[in-house]
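Descriptive structure summary
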Amino acid sequence: MAASSAPSQPAVPDGTGVLQLDPWLDPYKDALRSRFRYARDWIDRINETEGGLERFSRGYEKFGFNVNTNGDITYREWAPNAIQAHLIGDFNNWDRKATPMKKDMFGVWEVTLPGKDGVPAIPHDSKVKITMVTPAGEVIDRLPAWIRRVVQDLSVSPVYDAVFWNPPPEERYRFQHPRPKKPLSLRIYEAHVGISSPETKVATYKNFTANMLPRIKYLGYNAIQLMAIMEHAYYASFGYQVNNFFAASSRYGTPEDLKELIDTAHSLGLVVLLDVVHSHASKNVLDGLNMFDGTDHLYFHEGGKGKHDLWDSRLFNYGNHEVLRFLLSNLRFWMEEYQFDGFRFDGVTSMLYVHHGIGTGFSGGYHEYFGPAVDNDSVMYLTLANEMLHALYPEAITIAEDVSGMPALCLPPSMGGVGFDYRLAMAVPDMYIKLLKEKTDDEWDMGNLAFTLTNRRHGEKTIAYAESHDQALVGDKTLMMWLCDKELYTHMSVLTELTPIIDRGMALHKMIRLVTHGLGGEGYLNFEGNEFGHPEWLDFPRAGNGNSFWYARRLLHLTEDHLLRYRFLNEFDRAMQVAEEKYGWLHSPQAYVSLKNETDKVLVFERAGLLWVFNFHPTQSFADYRVGVEQAGTYRIVLDTDDPAFGGHGRNAKETRFFTTDMPWNGRKNFLHVYIPVRTAVVFALEETL
């Protein structure tokens, strides 16, 4: 059965449909039923009280600032602890008594400002705040929780200002292109707008649109995962300390600029995913959600339960009705207002467990995924989020960043799953770092390599990657830095000698990517710059580096210099994506591994009708090497890491034909003889498919 297909389910879904895929979960069927029922109970409650998830997730049409056609502005805010509230801003000269708000029985404050001749009372792009009085008599000023634009003037203060964003019709970006269809094979380019330029400054949405989108399209990716879009006060947090959940970061430009970026990506056939951070929130009070109405338990759990010790941030109370409205509406808002195509949910492991994964290693024992360690409210929220997104947007894509391996995370809620489409294969990059740090090349274990790449849950889809932004950050090293270190600065020019270190580095860089792509999952991810072996790590401006932008950029121009070897790696990455587009191995059934030879360091597998042969041996080439293959016929090379176009030595001629012999070998019906030079991978296809 294909990894992406699901079996038939029980007549009445009860959360145990997953047992047909994984009978080993049988001892936990009561827990699965309970998990399923808890999510259904919440959906029933929302249906009763709010008219369903569709209406409930439109909270942004009720809360925050909404402008009527006649120019009237209605502003609503949930702040039950406050005993007084006023709207203040440039529009009323910050008069704390001029615009009082009224509170309803649910703790929601409201005020309507009448327009004049159709013109709103609050000018576009002017500053606003809510000021409240607590029962203790304290006066507190806050940025509206649902604000859609915040700006920062560092010359005045590091604290953000809330801005009323309501551009005139002629200045609003109008989407012109429909969303592309969900790709059968997801090939993701993970990117950060601010670093997407060689210049030592924060790059813009417009720069990304003009320069990055054509590059990503050329490379053959079909999806972009945008990081650090939700506004965050601290640039060096990589976007993972969000303070304003409905605001697109103003560092890179205006909301209209971001809309143009996404619409242009759609015109190129690229889907755009948002890296969404609902696992925690910035603890900022003055420009975040923390202590919003004077209490520590409005959006978050109170006391220690509401604090993440490792991240120094606040934790949402997912079992609260209004928190669910806020977060579900947040997802809906990014889909509607900006036309994103889905989400990569950050920090899912932290959400799933009350211990947040801190100080806990996951052995894979099923007892770890059920019982008191699981945060039932978080699981319920993620289930509702996936249910809502997939019901309203059938083409939406959701990806979970989970290191724990929670069973059924990527199965539909009707089967007892949480509803994600994909999970990230987080063990894969860890394996490569371990190999490069701790093992010599002749100690690489082919069995362990193949096991780690194929060790995924049947029926649940996985995004494989050799390295992501995590490995690019200062304090860690990219694969290319592990492989070549300082020689990246001295021997990456074709005018210098090809040293053994650079030769090995380039060969293994390509092989690691190819084996990950072919064997590792039902999707593939690359962090920008890593495709060509970016020579430097990533370090955002901060006190520790003198607020320098030197490492907070990507040296993308290196691939355009024909005297540098980076272009070879860039072209290989493109060839991989283009070949996948043609043969579709990511959406094909999992590979059949026919050989893991520890002495020869040779790995052979078949997937999507292709034959993949890897020789990881550090010193030995093999002529007339016999490999098994199921399908008889004449084979030709479709991808060769040793191709001179990719900086290789060209030891295999592309035009060579390889003929099968009708005799079983390594569990396959036929075999053929191939030449596999040292540190080379070759992919073969039947001649008639070329």
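The notes below deal with the structure included here. (Residues numbered from 1 in each chain as written. Predicted model: local features only at pLDDT ≥ 70, side-chain atom pairs only at ≥ 80, totals over all residues. Heavy atoms only, no water.)

What follows deals with the overall build of the chain. Counting its regular elements, the chain contains 13 helices and 29 strands. A compact globule built from 690 residues should have a C-alpha radius of gyration of about 26 Å, and the chain, at 27 Å, falls within 12% of that. Once the C-alpha set of the chain is aligned to its principal axes, its extents read approximately 85 × 60 × 45 Å. By element, 52% of the accessible surface of the chain is carried by carbon and sulfur atoms, the whole surface being about 26300 Å². Of note, the chain has its 69 positive side-chain charges centred 1 Å away from the centre of its 88 negative side-chain charges. (Helix = DSSP H or I, 4+ residues; strand = E, 2+ residues; numbered from the N terminus. Rg over C-alpha atoms; globule rule 2.2 N^0.38 Å. Areas by Shrake-Rupley, 256 points an atom, 1.4 Å probe, with all protein chains shown as cover. Lys, Arg positive; Asp, Glu negative; His and termini not counted. Charge placed at Lys NZ, Arg CZ, Asp CG, Glu CD.)

Side chains that are nonpolar tend, in soluble globular proteins, to be buried together. Counting 183 residues, the largest nonpolar core has Leu-226, Leu-258, Tyr-299, Trp-334, Phe-345, Tyr-381 and Tyr-432 as its most contacted members. Broken down by element, this core gets its largest block of residues, 9 residues, from helix 5 (residues 321-337). If you look at the next biggest cluster of nonpolar residues, it comprises 18 residues, including Val-613, Ile-676, Val-682 and Leu-686. (Core = buried A, V, L, I, M, F, W, Y, C linked by side-chain atoms within 4.5 Å. Buried < 20%, exposed > 50% of the residue type's maximum accessible area, 1.4 Å probe, protein only.)

In this section: the pairing of strand 28 (residues 670-676). For strand 28, a buried count of 5 out of 7 residues is recorded, marking the element as mostly surrounded by other parts of the structure. Of the pairings in the sheet, the one linking strand 25 (residues 622-629) to strand 28 comprises 6 bridges and is antiparallel in character. Bridge pairing in strand 28 places Val-629 opposite Asn-670. (Pairing = 2+ DSSP bridges.)

Relative to the 18 Å expected for 13 residues at 1.5 Å per residue, helix 4 (residues 255-267) spans 19 Å between its end C-alpha atoms, a close match to the ideal helical length. The element helix 4 is largely enclosed, with a buried count of 10 among its 13 residues. When we look at burial in helix 4, the residues that qualify are Pro-255, Glu-256, Asp-257, Leu-258, Lys-259, Leu-261, Ile-262, Asp-263, Ala-265 and His-266. Of the surrounding elements, those touching the buried residues of helix 4 are helix 3 (205-219), strand 11 (223-227), strand 13 (242-248), strand 14 (271-276) and helix 5. Once helix 4 ends, the next one or two residues include Gly-269, with phi positive near 80°. (Expected span 1.5 Å × (residues − 1). Contact = heavy atoms within 4.5 Å.)

The subject of this paragraph is helix 1 (residues 29-50). Across its 22 residues, helix 1 extends 31 Å between first and last C-alpha, which sits within 8% of the 32 Å expected from 1.5 Å per residue. Close packing links the buried residues of helix 1 with helix 2 (53-56), helix 5 and helix 7 (376-392). Directly beyond the C-terminal end of helix 1, a positive phi value near 80° is found at Gly-51.

Time to look at the pattern of salt bridges. Tallied over the entire structure, the rule returns 47 salt bridges. With a closest N to O distance of 3.0 Å, Arg-76 and Glu-110 form a salt bridge. In this pair, Arg-76 is assigned in strand 2 (residues 73-78) and Glu-110 in strand 5 (residues 108-113), connecting sequence segments 34 residues apart. Taken together, the shared-partner salt bridges in this structure form one network comprising Asp-22, Asp-402, Arg-423, Arg-457 and Glu-460. (Salt bridge = Lys/Arg side-chain N within 4 Å of Asp/Glu carboxyl O.)

Further remarks concern a nonpolar patch on the surface. Judged by side-chain polarity, Leu-310, Trp-311 and Ile-358 come together as a nonpolar surface patch covering roughly 270 Å² of accessible area. Within the secondary structure layout, Trp-311 lies in the loop between strand 15 (307-308) and strand 16 (313-314). (Patch = residues over 30% accessible without salt bridge, like charges linked within 9 Å, V, L, I, M, F, W, Y side chains within 5 Å.)

Take the sheet that holds strand 21 (residues 523-527) next. Read once around its circumference, the closed barrel built from 8 strands follows the order 10-11-14-17-18-19-20-21, with strand pairing classed as parallel. The sheet shows a mean angle of 25° between the axes of neighbouring strands, taken without regard to direction. One ladder, built from 2 bridges, connects strand 20 (residues 461-464) with strand 21; its direction is parallel. Bridge pairing in strand 21 places Ala-464 opposite Tyr-524. With respect to the sheet, helix 3 is in contact with strand 10 (186-192) and strand 11, its orientation differing from that of strand 10 by roughly 150°. (Axes fitted to C-alpha atoms, helices over the stretch in contact; angles between N-to-C directions.)

Looking at the element boundaries, Glu-368 is found in the loop between helix 6 (348-352) and helix 7. Salt bridges are absent for the buried Glu-368, whose nearest opposite-charge side chain, Arg-457, sits at 11 Å. A polar contact is formed between the side chain of Glu-368 and the side chain of Ser-363, at a distance of 2.9 Å. Contact partners of Glu-368, with chain neighbours within four places excluded, come to Tyr-353, Gly-361, Phe-362 and Ser-363. (Polar contact = N/O pair within 3.5 Å; in protein donor to acceptor, adjacent residues only side chain to side chain.)

Tallying each qualifying case throughout the model produces 3 cavities of 30 Å³ or more. Lining the largest cavity are Arg-35, Phe-36, Ala-39, Arg-40, Ile-43, Val-379, Met-380, Thr-383, Glu-387, Pro-413, Gly-416 and Gly-417. Counting residues per element, the lining of the largest cavity draws most heavily on helix 1, which supplies 5 residues. Class assignment for the residues of the lining of the largest cavity results in 6 nonpolar, 3 polar and 3 charged. (1 Å grid on protein atoms, 1.4 Å probe; cavity = no way out; pocket = protein on both sides within 12 Å on 5 of 7 lines; lining within 4 Å. Points joined across faces, edges and corners; volume = space filled by probe spheres on them. Nonpolar A, V, L, I, M, F, W, Y, C, P; charged D, E, K, R; others polar.)

Taken together, 4 strands build an open sheet; the order of strands is 1-2-5-4 and the sheet is antiparallel. Since the sheet does not close on itself, it has two edges, and those belong to strand 1 (64-67) and strand 4 (102-103), each with one partner. As judged from the 2 bridges shared by strand 4 and strand 5, these two strands associate in the antiparallel manner. Opposite Lys-102, over in strand 5, you have Glu-110 as the bridge partner.

So, about unusual backbone geometry. In this structure, Ala-228 takes a positive phi of about 55° despite not being glycine. Summarising the element assignment, Ala-228 is placed in the loop between strand 11 and strand 12 (230-232). Look at Arg-679: it is not a glycine, yet its phi comes out positive at around 50°. Mapped onto the elements, Arg-679 comes out in the loop between strand 28 and strand 29 (680-686).

This part takes up the environment of Ile-502. Here Ile-502 is to be found in helix 12 (residues 500-519). Sequence separation between Ile-502 and Tyr-252 is 250 residues; the distance between their C-alpha atoms is 36 Å. Not counting residues up to four positions away in its chain, the partners in contact with Ile-502 are Cys-484, Glu-487, Leu-488, His-491, Met-492 and Arg-565.

This part takes up the packing of aromatic side chains. Overall, the coordinates contain 43 aromatic pairs when judged by the stated rule. A centroid spacing of 5.9 Å and a plane angle of 70° characterise the contact between Phe-245 and Phe-326, whose relative ring orientation is edge-to-face. Of this pair, Phe-245 sits in strand 13 while Phe-326 is found in helix 5, placing the two residues 81 residues apart along the sequence. For Phe-245, a relative accessible area of 0% translates into the label buried. Ring geometry for Phe-343 versus Phe-345: centroids 6.1 Å apart, planes at 70°, classification edge-to-face. In this structure, Arg-45 is placed above the aromatic ring of Trp-42, and the distance from its NZ or CZ to the ring centre is 4.0 Å. (Phe/Tyr/Trp six-rings, centres within 6.5 Å; stacked < 30°, edge-to-face > 60°. Lys NZ or Arg CZ within 6 Å of the ring centre and 35° of its normal.)

Summarising the element assignment, Asn-597 is placed in strand 22 (residues 592-597). In terms of polar contacts, Asn-597 uses its side chain to reach the backbone amide nitrogen of Thr-599, at 3.0 Å. A polar atom in the side chain of Asn-597 sits 2.8 Å from the backbone nitrogen of Asp-600. Among all residues touching Asn-597, those that are not within four sequence positions of it are Met-446, Val-602 and Tyr-625.

Their axes nearest at 12 Å, the elements helix 8 (residues 427-438) and helix 12 cross at an angle of 155°. If you check the angle between helix 8 and helix 12, you find them roughly antiparallel. In the packing of helix 8 onto helix 12, the handedness of the crossing is right-handed. Contact with helix 8, carried on its side by Val-428, Tyr-432 and Leu-436, involves Arg-504, Ile-512, Val-515 and Thr-516 of helix 12 and no other residues of that element. Its residues assigned to classes, the contact of helix 8 with helix 12 shows 5 nonpolar, 1 polar and 1 charged. (Parallel < 35°, antiparallel > 145°, perpendicular 65-115°, else oblique. Left-handed = near helix turned anticlockwise from the far one by under 90°.)

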